[in-house]
Amino acid sequence: MRFKTGVLAVFLMWLMVSPLARAQDGQDLDAYKWRLTGVWWFSSPTGSFNGKGGSGTFDLSRDFGFGNYSTFTGTADWRFKRKHHLLFSVSPVTNSRRATLSRTIEFQGTTYDVGTSVGAEIKSLAFAPGYQYDIIRRNRISLGISVQAYLMDTSADLTGTVFINNKSETRTASGSIFAPLPVFGPRVRWYPLHSGRLAVEGAFQGMSFFGYGYFMSARGTGMVALSRHWRASFGYQMGTRLKIRLKINDGENRIGVRLTQKGPIAGVEVYW
């Protein structure tokens, strides 16, 4: 059920590619060796963090009112042969909120009572090296399958006043998780005009980790050429839809994560 969206995306991409894959020969509108992309996006995070061993949880929206915030994603694409690419992406996320609790929260063995002012900070840094092979590469359209390893380091901190032996003190409860997540999926780019001034791109990646969780990412982008080597881009991105539940009892401060980040995007692309 989780991958119906991905299957539909792949099917729609194929419908778009099939009639165009037999395009007549002419100028290759997607000829490049290096392509660098920087994308700003306005993310709306939702989800929750679970403490070690599943003890205690807090919700980003319900408990702390996490709203929209700005972040970015950068990608480097080295097309070292006609149909072969090496990829590298980076996406940092840092956000914090402070709220007066409307319910008691326990996280990592620390309890914050109703009415306590608590600050929450989440951090996530993802590096994603990978490889792409173009199944179809024509003058105005390409369809590739990419395989990447998302190396995600995610942490959560709660800071607030707790009562111990009838005395108040400020305590921080922290937890983190590092997860290497292998993902794969299609990416299609189409140039609807012979001039190459406009481009449309869609991408999806995902993987199920069975009892441990899943990862999905999707993006739809339109691009307008600004010059010979520059394009402006705009669209919408589900940056991550992630669920990780580690079955580990090793005494470390490991946490479980259920996190969705999505929102509109805008950026630039340079290629040569």
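Everything below is about the structure shown above.
Only a predicted model underlies this, so the values are computations on that prediction, with no experimental measurement involved.

(A) Fine view of the overall build of the protein. Per the secondary structure count, the protein includes 2 helices and 14 strands. Relative to its 272 residues, the protein shows a buried fraction of 44%. Summing over all exposed atoms, the protein offers an accessible surface of approximately 13,800 Å²; the carbon and sulfur share of this is 59%.

(B) Spatial organisation of the nonpolar core. Counting residues in each nonpolar core, the largest one holds 32 residues, and the members touching the most others are Phe49, Phe58, Phe64, Leu158 and Leu181. Elements that contribute at least two residues to this core include exactly helix 2 (60-64), strand 6 (105-107), strand 8 (117-137), strand 9 (141-164), strand 10 (167-190), strand 13 (230-244) and strand 14 (256-271). If sequence neighbours within four positions are ignored, Phe58 has contacts with Gly47, Ser48, Phe49, Asp63, Phe64, Arg103, Ile105, Phe107, Ala156 and Leu158.

(C) Up close: a nonpolar patch on the surface. Taken together, the side chains of Trp34, Leu36, Trp78, Phe80, Leu86, Tyr131, Tyr133, Ile135, Ile145, Val147, Phe184 and Trp272 define a hydrophobic patch exposed on the protein surface, amounting to about 1,000 Å² of accessible area. For the nonpolar patch, the elements supplying multiple residues, two or more each, are strand 1 (34-43), strand 4 (69-81), strand 8 and strand 9. With 3 residues, strand 8 is the largest single contributor of residues to the nonpolar patch. Locating Trp34 in the fold gives a position in strand 1.

(D) Examining the pairing of strand 11 (residues 198-208) more closely. Bridge analysis of strand 10 against strand 11 gives 5 bridges, and the strand direction is antiparallel. Bridging from a neighbouring strand, Trp190 pairs with Val200 of strand 11. Pairing between strand 11 and strand 12 (residues 213-225): 11 bridges, direction antiparallel. The residue of strand 12 that forms the bridge with Phe204 is Ala218.

(E) Focus on the pairing of strand 13. In terms of strand pairing, strand 12 meets strand 13 through 12 bridges, oriented antiparallel. Bridge pairing links Ala218 to Met238 in strand 13. The antiparallel hairpin formed by strand 12 and strand 13 contains 4 residues in its connecting segment. Where strand 13 and strand 14 come together, 14 bridges link them in antiparallel fashion. Paired with Thr240 across the strands is Gln261, a residue of strand 14.

(F) Inspection of the layout of surface pockets at higher detail. Roughly 310 Å³ of volume is contained in the largest pocket. Forming the boundary of the largest pocket are 17 residues, of which Gln27, Leu29, Arg228, Arg231 and Tyr271 lie nearest the centre. A class-by-class count of the residues in the lining of the largest pocket yields 6 nonpolar, 5 polar and 6 charged.

(G) Summary view of the pattern of salt bridges. Using the criterion set out here, one finds 13 salt bridges in the structure. Here Asp30 and Arg137 are joined by a salt bridge, their closest N and O atoms 3.3 Å apart. Of this pair, Asp30 sits in the loop between helix 1 (4-17) and strand 1 while Arg137 sits in strand 8; the two residues are 107 residues apart in sequence, bridging distant segments of the chain. Overall, the relative accessible area of 5% leaves Asp30 in the buried class. Since its relative accessible area comes to 1%, Arg137 is described here as buried.

(H) Region of interest: empty space enclosed by the protein. Using the criterion set out here, one finds 2 cavities of 30 Å³ or more in the structure. In this structure, the largest cavity encloses a volume near 660 Å³. Every residue lining the largest cavity is counted, 41 residues in all, and those nearest its centre are Thr73, Thr75, Ser89, Arg219 and Gln237. Examining the composition of the lining of the largest cavity, we find that 6 residues originate from one element, strand 12, more than from any other. Partitioned by chemical class, the residues of the lining of the largest cavity number 16 nonpolar, 18 polar and 7 charged. A volume near 60 Å³ is recorded for the second largest cavity. If you trace the second largest cavity, you find 13 residues lining it, with Arg35, Gln132, Ser142, Arg187 and Arg189 closest to the centre. Going through the elements one at a time, strand 8, strand 9 and strand 10 are the ones with two or more residues in the lining of the second largest cavity.

Procedures and definitions
Residues numbered from 1 in each chain as written. Predicted model: local features only at pLDDT ≥ 70, side-chain atom pairs only at ≥ 80, totals over all residues. Heavy atoms only, no water. Helix = DSSP H or I, 4+ residues; strand = E, 2+ residues; numbered from the N terminus. Buried < 20%, exposed > 50% of the residue type's maximum accessible area, 1.4 Å probe, protein only. Areas by Shrake-Rupley, 256 points an atom, 1.4 Å probe, with all protein chains shown as cover. Core = buried A, V, L, I, M, F, W, Y, C linked by side-chain atoms within 4.5 Å. Contact = heavy atoms within 4.5 Å. Patch = residues over 30% accessible without salt bridge, like charges linked within 9 Å, V, L, I, M, F, W, Y side chains within 5 Å. Salt bridge = Lys/Arg side-chain N within 4 Å of Asp/Glu carboxyl O. Pairing = 2+ DSSP bridges. 1 Å grid on protein atoms, 1.4 Å probe; cavity = no way out; pocket = protein on both sides within 12 Å on 5 of 7 lines; lining within 4 Å. Points joined across faces, edges and corners; volume = space filled by probe spheres on them. Nonpolar A, V, L, I, M, F, W, Y, C, P; charged D, E, K, R; others polar.

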